[in-house]
Amino acid sequence: MTTGDQVRILRTNEIGIITSIDLVKIHGQKHKRYEVRTKPKQEGWWYKAEQLGPVVEKVHVEIKGEQKGHLAFDLEWDHRPGKSFVVHVEGVPDINTHDGTFNAAVANMLMKGLTATLGKSVLTR
């Protein structure tokens, strides 16, 4: 993480910008602390690296069947306001018209559940 990067504060789920990085000596050991401002003219708060996360989170999911190939999803969740949940699908041309295999049915249920839980999502291939 560097100055100017957008980060997500894990405790409050707010998006902020790193304005300063400092080394702090605690019990003889040096620790990095990041000053993050959530609003432009507001004073920043100092956080450890473990308390900050990426603005866009990515997950790779694979569903493998015993008889036929596999289905793979790359999921991206952009935490910025107004952004959506993006799903990249590999393995079948259309997830809604699966070929009757159990792994395709499970993938279809997973997609419907994610869409119902998270609201709108964008499906790309």
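The model shown is predicted, which means the values in this text are computed figures rather than measured ones. (Residues numbered from 1 in each chain as written. Predicted model: local features only at pLDDT ≥ 70, side-chain atom pairs only at ≥ 80, totals over all residues. Heavy atoms only, no water.)

A. Structural context of the nonpolar core. With eight residues, the main nonpolar core is built from I63, L71, F73, L75, V87, A104, A107 and M111. Elements with a minimum of two residues in this core: strand 7 (70-78) and helix 1 (102-118). Core analysis: the next-biggest nonpolar cluster, separate from the first, contains seven residues, V7, I18, Y34 and L52 among them. (Core = buried A, V, L, I, M, F, W, Y, C linked by side-chain atoms within 4.5 Å. Buried < 20%, exposed > 50% of the residue type's maximum accessible area, 1.4 Å probe, protein only. Helix = DSSP H or I, 4+ residues; strand = E, 2+ residues; numbered from the N terminus.)

B. Highlighting the side chain of R8. Note on placement: R8 falls in strand 1 (residues 6-9). Overall, the relative accessible area of 6% leaves R8 in the buried class. Looking at R8, its side chain comes within polar contact range of the main-chain oxygen of P54, at 3.3 Å. Sequence-distant contacts of R8, that is, excluding residues within four places in its chain, are made with N13, E14, I15, Q51, L52, G53, P54, V55, E57 and H79. (Polar contact = N/O pair within 3.5 Å; in protein donor to acceptor, adjacent residues only side chain to side chain. Contact = heavy atoms within 4.5 Å.)

C. Summary view of the confidence of the model for the protein chain. Taken residue by residue, the protein chain gives an average pLDDT of 78. The fraction at 70 or more is 79%. Model confidence for the protein chain, summarised as mean pLDDT per element, is weakest for strand 9 (residues 121-124) at 57 and strongest for strand 3 (residues 29-37) at 92. (pLDDT = per-residue confidence, 0-100.)

D. Up close: the pairing of strand 1. In terms of strand pairing, strand 1 meets strand 2 (residues 14-26) through four bridges, oriented antiparallel. If you follow R8 over to strand 2, its bridge partner there is I15. The loop that links strand 1 with its antiparallel partner strand 2 comprises four residues; one of these, N13, has a positive phi angle of about 65°. Where strand 1 and strand 5 (residues 52-53) come together, two bridges link them in antiparallel fashion. Across the sheet, R8 pairs through a bridge with G53, a residue of strand 5. (Pairing = 2+ DSSP bridges.)

E. Structural context of the sheet that holds strand 3. Read across the open sheet, the five strands follow the order 4-3-2-1-5; overall the sheet is antiparallel. A single partner strand is all that each edge strand has here, and the edge strands are strand 4 (45-47) and strand 5.

F. The environment of R8, seen in detail. Taking the C-alpha atoms as reference, R8 lies 8.7 Å from Q51; in sequence the two are 43 residues apart. At 2.9 Å, the side chain of R8 and the side chain of N13 are in polar contact.

G. The side chain of R33, seen in detail. Relative to the elements of secondary structure, R33 occurs in strand 3. Buried and unpaired, R33 has no salt bridge, with E50 as the nearest side chain of opposite charge at 6.0 Å. If near-sequence neighbours (up to four positions away) are discounted, R33 is found in contact with S20, I21, D22, V24, I26, W46, Y47 and K48. (Lys, Arg positive; Asp, Glu negative; His and termini not counted. Salt bridge = Lys/Arg side-chain N within 4 Å of Asp/Glu carboxyl O.)

H. Looking closely at unusual backbone geometry. Even without a glycine there, the phi angle at N13 is positive, about 65°. In this structure, N13 sits in the loop between strand 1 and strand 2. For N13, a relative accessible area of 41% puts it in the partly exposed group. Residue H27 is not a glycine yet carries a positive backbone phi of 55°. Mapping H27 onto the fold places it in the loop between strand 2 and strand 3.

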